[in-house]
Amino acid sequence: MDSGKTVHRRNTDIPAISLVSTKRLDLSKVIRLLEDPLTTTFKEKHLFVLKKLLKRHQAGFLLRELKGIAQVLNICAEKVKEHPEFVPILCEALKICGLPFLKERVSDELDYAQDATDFLSHMAYLMRVSDADVKHHVVESVKSFFSCKAPAQLLDGLQPTSRGFRLQVLEQSDLGKTLLLSMVTLENQPGIRLQLLETLQILSSSSDCASILQGRGAETICLHMIEPDPSGKVLSYSSEILCNLLEKGQQEARAQLSNTGCIISLQVAFHKLLLSASQPSDLQLRNDLLVIATHVAEDSNSLLTETLFAKHLVDLFTRKEPKPHSSSAHNSKVTCSNEDLKMQKLLLNLLVFMCRDVDGLQLCKEEQVMTALLELIKPPGVSSEPPPGSGHWSPVQQEKLQLQALATLASIAPLMLDDYKSSQGNTCLLLLLDWCVRTDDDLVLGPGGGGGRTALMQYCIRVLRAVTSQREESVNRDLRNQGVIHQLLGILMQMEARSEEDDAVTVETMSDIQMILLELCATDRKDLFGSTGADMALHFLRKGSGKFYSGLGHNKLILSTINCVWSCIVDCYMTEDYFLAKEGAFLLLDLLGTSPRCVQSTVLSILLDLCDNPKALPHIMSWRDASGQTAAGVLLQLWREEEEELGVGRDHRGRIADPQMPISRPFHRDDGGLSLPANVQNAAVLEVSEKIRAKIYSILCSLGFQELPDLSAEDFVTLSIVKRYLDFKVGEVWDEIRQELVLEGVRPVSPDEEALRSICRISEDTAKRVMEEQSSILEQQQQKELSDEMLEYTKMKFRQKPEELAAKSWKHFLSKSSNYKFLKEEKAQREKYLKPIRSELEQEDASLYPAEVLHTHTSLIQSLTLFTPKLTYESGAASRRLSAIFGADPGNGANGIPGARRVEGDAGQNSNQGRTCSTRARTPQHGQKLMLPRHQYVVRIRFKLSS
């Protein structure tokens, strides 16, 4: 091909010549120019166009152009192999890649997120370029991708992308994985490798490390961290990367580090730092490696115990005389610095995870770790020789070590009870506990106690709880023989008395003490709990459940108190009687009515056991809550709440809705779609143990169903179901058996089938009788309510009767006052009725009184006609006649004679003039009726007897 032809084709087919001269470059035309095989020899034009393109993007690449920019970078990377002139262009482009991407619209971050992700992955693939400058700029661009800010001079309408967007696209890309894989190609380039590790450290601390872990980054970093390093920073960056990976993806990172190669690499690095570390940074790096080893020990498949690294670490803690092959423990430079203190604490923490493995536990037993721990926790003045490695610690550092040792002992001691017993662990803990609660030297128990004794005491109690919870009788017996029960009771009440405000740690410690007491007295020697323990339980029961949901641990304290009552008081007759005498049953019933459902089951169990004591029944029967409800009423209310939670079918008045399922929910039969194995309990049996209805039934059986006072009609309706609970439960179990036989396709023989039908029919008939009884109870209640309502109406009418009588009397008085004719008629009628009365009185009293007195009677009756008719005169038939005349009402005695009056009657002048007869006058009190017996008169009358 001649040059003329070549020039002719170049001028006709390449639009890049005109494109270069234009003000704005078209990226797609640039890509066509670079990819066109006819322009492969136009190297100068390619470089010119690329420089112009990069100059236009000095402030950063646009999000919408990232896809094209990635193609340009890949083309340049391919041309670098043959044309080194493209290296500066590629490095300049990578510098721009370190700047934030630019967006023209707010929605660009959402629209071009995938393009940005792919661009970062393509940028990491540039590590394949062999040129060191390109690799250096790739690493530097990734490093500055987060920290670098966009230039201040930006075109109008352009904005840098947010840091969150950059982090998101980075996490979704393969950049971290690709950079990690490229580490293999940097063995002969230590400077770039160090920069790459620094970049990976930044990535691992900023992102979720998913991409790095996918490339087995933890294993790769760990295996290469002990390679020769002139700078001395590879180990530091590697440890930081591993710590970040373990923090972000613990499970996967631990699995990658659990192989033998990684553990040996950790061992070599740790051994080197242990012997030569002197600077604080080196000591901190040594501790970081120990943290990584601790994470490795957490993995269940770890090979840490199978290597010498585990034995090396255990020897470092116990400070034994080293063997020839492990002289590092003897030559290690452990001082009293804070970093060395942290290393000791990390070793203690490492022991906890090592003992979870069988081999690690056996190693700790062989190296006598328990003895070293118990020596470390002994209080000052008790240990005959200083604990391993603790002779140079200050008192504050020694205290921190003791706290960490106690925390370790709480986890290890239950797993090494034989070593614990042989090393007299109980004695060591009780000595420390006694030292913590001593009041000499102005060190008192309570918040802010000097010397950290409070914290030591709390950790010591945690260890005791962990040990006693194993229920090893020899350990618990040893504690009882040393008098720990009374010691713990004293500490508990002392803490309760000194605690001025709620403290979560204090509440937890008190709960732990109660759990220790529970374990020590649960099976034997409840008498050691005694009245002191009963007083403690009563004190915490009186506090109630008001703080159950406070979030400070009061829920655990309440539950532990209840369990103490159940395990340490119930069934010990002397302590139980003392508990009842101090109104313990009342406190349990108070707690039952106010506590959550999770507490009620345990309280009911305690009350059920207390019902075996005859002295408890009167206490339960006489209890009343704040609203006056009885214990039976509270139990029946709990029964209704339980049935509502279970969804048992009841009508709006609490009666049985379906006689075929009197105590089960309507969809109970649908639950049994599968046949259960023989060793699995069915729903009817599980309900007895998991729910509270069976306990309520048992308690009411002890109280007696016929002697329950102060129950409402609703309670009686519920009680009729409770009384038949056992019958209904038997029928429910047999019904489930019949359903399982149907599901399994088994047909019983005819007698058995008839027996099954009869049992189910009996249960249904019982339910129908209970329904009739419930209807009768409700009907009687309705009649009683109606009778009470009629009685109330009668009382209302009786209360209105005096008002009606007063109105009638006033109307009668007005008629007499305003109508003279009516007054005359009234007087005539009165005389008509008085005449027979006078005759009767004269005939009746003629034989009893002399004529003088009889005359007095007659005059009195004449005088009474002048008074108000509100007078009651009791004298046989005459009294009834007077009441009829005057309209006297026994209930209106307050309206009687207003006062004593004086009346004189003149019978004429004769020889008997001057003879008088007088009587005493009485004024009736308010609310009393005036009574006139025979020889007693109301008014004083003076008159003359006629001849």
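All residue numbers refer to position in the chain's written sequence, counted from 1. Restriction of local features to residues with pLDDT of at least 70 applies here, the model being predicted, together with a cutoff of 80 or more for giving and counting side-chain atom pairs; totals for whole chains, interfaces and linings are based on all residues. Hydrogens and waters are ignored; side-chain quantities use all the structure's heavy atoms.

Strands here are runs of E lasting at least two residues and helices are runs of H or I lasting at least four, both read from the DSSP assignment and numbered beginning at the N terminus. Helix and strand counts for the protein come out as 46 helices and four strands. Within the span of the protein, comprising 947 residues, buried residues form 46% of the whole. Put simply, 75% of the contacts in the protein that link residues at least 6 apart link residues at least 24 apart. For every accessible area listed, the method is Shrake-Rupley and the probe measures 1.4 Å; residues are considered covered only by the protein chains on display. A total of about 47,600 Å² of accessible surface is found on the protein, and carbon and sulfur atoms cover 52% of it. To sort residues, take the accessible area from a 1.4 Å probe on protein chains only and compare it with the maximum for the residue type: under 20% means buried, over 50% means exposed, and anything in between is partly exposed. Here a residue-residue contact requires only that any non-hydrogen atoms of the pair lie within 4.5 Å.

Only the six-membered ring of Trp is used, alongside the rings of Phe and Tyr, when aromatic pairs are assigned; centres must lie within 6.5 Å, and planes under 30 degrees apart are stacked while those over 60 apart are edge-to-face, with the rest tilted. Taken as a whole, this structure holds eight aromatic pairs when the rule is applied. Measuring from ring centre to ring centre gives 5.0 Å for Phe548 and Tyr549, while their planes differ by 80 degrees; the resulting arrangement is edge-to-face. The exposure class of Phe548 is buried, given its relative accessible area of 7%. Cluster of aromatic residues (ring-pair linked, three or more members): Trp639, Tyr697, Phe705 and Tyr725. Directly above the aromatic system of Trp639 lies the positively charged group of Arg693, at a separation of 5.7 Å from the ring centroid. In this analysis the charged atom, NZ for Lys or CZ for Arg, is taken to sit over a ring once it is within 6 Å of the ring centre and within 35 degrees of the ring normal.

Moving on: the layout of surface pockets. Taken as a whole, the second largest pocket holds about 420 Å³ of empty space. Listed by contribution, the elements that provide at least two residues to the lining of the second largest pocket are helix 15 (234-248), helix 17 (260-276) and helix 18 (280-298). Polar here means any residue outside two lists: the nonpolar Ala, Val, Leu, Ile, Met, Phe, Trp, Tyr, Cys and Pro, and the charged Asp, Glu, Lys and Arg; Gly therefore counts as polar. Broken down by class, the residue content of the lining of the second largest pocket amounts to nine nonpolar, six polar and six charged. Here the term cavity refers to a set of points on a 1 Å grid, laid over the protein atoms alone, in which a 1.4 Å probe fits but cannot get out; the term pocket refers to an open set having protein on both sides within 12 Å along at least five of seven lines, with lining residues being those that place an atom within 4 Å of a point. Grid points are joined across faces, edges and corners, and a volume is the space filled by probe spheres set on the points.

Enumeration according to the criterion identifies six cavities of 30 Å³ or more in this entry. Size it by volume and the largest cavity reaches roughly 80 Å³. Forming the boundary of the largest cavity are Leu170, Glu171, Ser173, Gly176, Leu203, Ser207, Asp208, Cys209, Ala210, Ser211 and Ile212. At the level of elements, helix 10 (163-172) and helix 13 (210-214) are the ones that each hand at least two residues to the lining of the largest cavity. By residue class, the composition of the lining of the largest cavity is five nonpolar, four polar and two charged.

Time to look at the packing of helix 3 (residues 27-35) against helix 5 (residues 66-80). For every element, the axis is a line fit to its C-alpha atoms; helices are fit only across the contacting stretch, and the angle between N-to-C directions ranges from 0 to 180 degrees. Remark: helix 3 packs on helix 5, axes separated minimally by 10 Å, with the N-to-C direction vectors making an angle of 20 degrees. Judged on the interaxial angle alone, helix 5 and helix 3 are roughly parallel. Note on packing geometry: the crossing formed by helix 3 with helix 5 is left-handed. In this structure, helix 3 contributes Leu27, Ile31, Leu34 and Glu35 to the contact, and helix 5 contributes Gly68, Ile69, Gln71, Val72, Ile75 and Lys79. By the definition adopted for this analysis, an angle is roughly parallel if under 35 degrees, roughly antiparallel if over 145, roughly perpendicular if from 65 to 115, and oblique otherwise. Two helices cross in a left-handed way if the nearer one is turned anticlockwise from the farther one by less than a right angle. They cross in a right-handed way if the turn is clockwise.

Another point: helix 24 (residues 395-412). An α-helical turn contains 3.6 residues, so a residue and the one three or four places further along point in the same direction. Each residue after the first adds 1.5 Å to the expected span of a helix. Under the 1.5 Å per step criterion, the end-to-end length of helix 24 is 25 Å for 18 residues, consistent within 8% with the ideal 26 Å. Within helix 24, burial applies to Gln397, Gln398, Leu401, Gln402, Leu403, Ala405, Leu406, Thr408, Leu409 and Ile412. Considering only its buried residues, helix 24 is in contact with helix 21 (338-354), helix 23 (369-377), helix 26 (425-437) and helix 27 (453-468).

For the rest of this paragraph, the subject is the state of the cysteines. In this description, the term disulfide denotes a pair of cysteine sulfurs within 2.5 Å. Counted according to the given criterion, the structure contains zero disulfides. Among the cysteines around Cys428, which has no disulfide bond, Cys460 carries the closest sulfur, lying 10.0 Å off. Note on Cys428: relative accessible area 7%, which makes it buried.

What follows is about the environment of Leu415. Looking at the secondary structure, you find Leu415 in the loop between helix 24 and helix 25 (417-422). Residue classification places Leu415 among the partly exposed positions, given a relative accessible area of 42%. Between the C-alpha atoms of Leu415 and Val467, which are 52 residues apart in sequence, the distance is 9.2 Å. With sequence-adjacent residues up to four places away left out, Leu415 is seen in contact with Cys355, Leu361 and Lys365.

Right, let's get into the nonpolar core. Most often, soluble globular proteins have nonpolar side chains that are buried together. We call a set of buried residues a nonpolar core when its members are Ala, Val, Leu, Ile, Met, Phe, Trp, Tyr or Cys and they connect through side-chain atoms within 4.5 Å of each other. Counting 223 residues, the largest nonpolar core has Leu200 and Leu700 as its most contacted members. With sequence-adjacent residues up to four places away left out, Leu700 is seen in contact with Ala632, Leu635, Leu636, Phe705, Leu708, Leu719 and Val722.

In this section: the pattern of salt bridges. In what follows, salt bridge is the name for a side-chain nitrogen of Lys or Arg lying within 4 Å of a carboxyl oxygen of Asp or Glu. Inspection of every chain in the model, using the stated rule, returns 42 salt bridges. Its salt-bridge partner being Glu140, residue Lys143 comes within 3.3 Å of it at the nearest N-O pair. Of this pair, Lys143 and Glu140 both sit in helix 9 (residues 132-147), three residues apart, which is roughly one turn of that helix. Its relative accessible area of 16% is what places Lys143 among the buried residues. Residues joined in a network through salt bridges with shared partners are Arg747, Glu753, Glu754, Arg757 and Arg761.

Now for the packing of helix 21 against helix 24. Helix 24 packs onto helix 21 with a crossing angle of 10 degrees between their chain directions and a minimal axis gap of 8 Å. When the interaxial angle is binned, helix 21 and helix 24 end up roughly parallel. Across the interface between the two elements, Asn338, Leu341, Gln344, Lys345, Leu348, Asn349, Leu351 and Val352 of helix 21 pack against Gln397, Lys400, Leu401, Gln404, Ala405, Thr408, Ser411 and Ile412 of helix 24. Counted by class, the contact of helix 21 with helix 24 contains seven nonpolar, seven polar and two charged residues.

Next up on the list: helix 31 (residues 530-542). In a regular helix each residue adds 1.5 Å, so 13 residues correspond to 18 Å; helix 31 covers 19 Å between its end C-alpha atoms and thus fits that length. Along helix 31, the residues that are buried comprise Gly530, Gly533, Ala534, Met536, Ala537, Leu538, Phe540 and Leu541. On its buried face, helix 31 sits against helix 29 (484-498), helix 30 (504-521), helix 32 (554-569), helix 33 (573-581) and helix 34 (584-594). Just past helix 31, the residue Gly544 takes up positive phi, approximately 70 degrees.

Looking now at the confidence of the model for the protein. Confidence in the prediction of the protein, expressed as mean pLDDT, is 79, and 80% of residues score 70 or more. Within the model, pLDDT remains below 50 along residues 1-23, and this stretch shows 20 contacts once partners closer than five positions in the same chain are excluded. Confidence scores per residue from the predictor, reported as pLDDT, run from 0 to 100. The low-confidence segment residues 321-330 (pLDDT under 50) makes 10 contacts with residues lying over four places distant or belonging to another chain.

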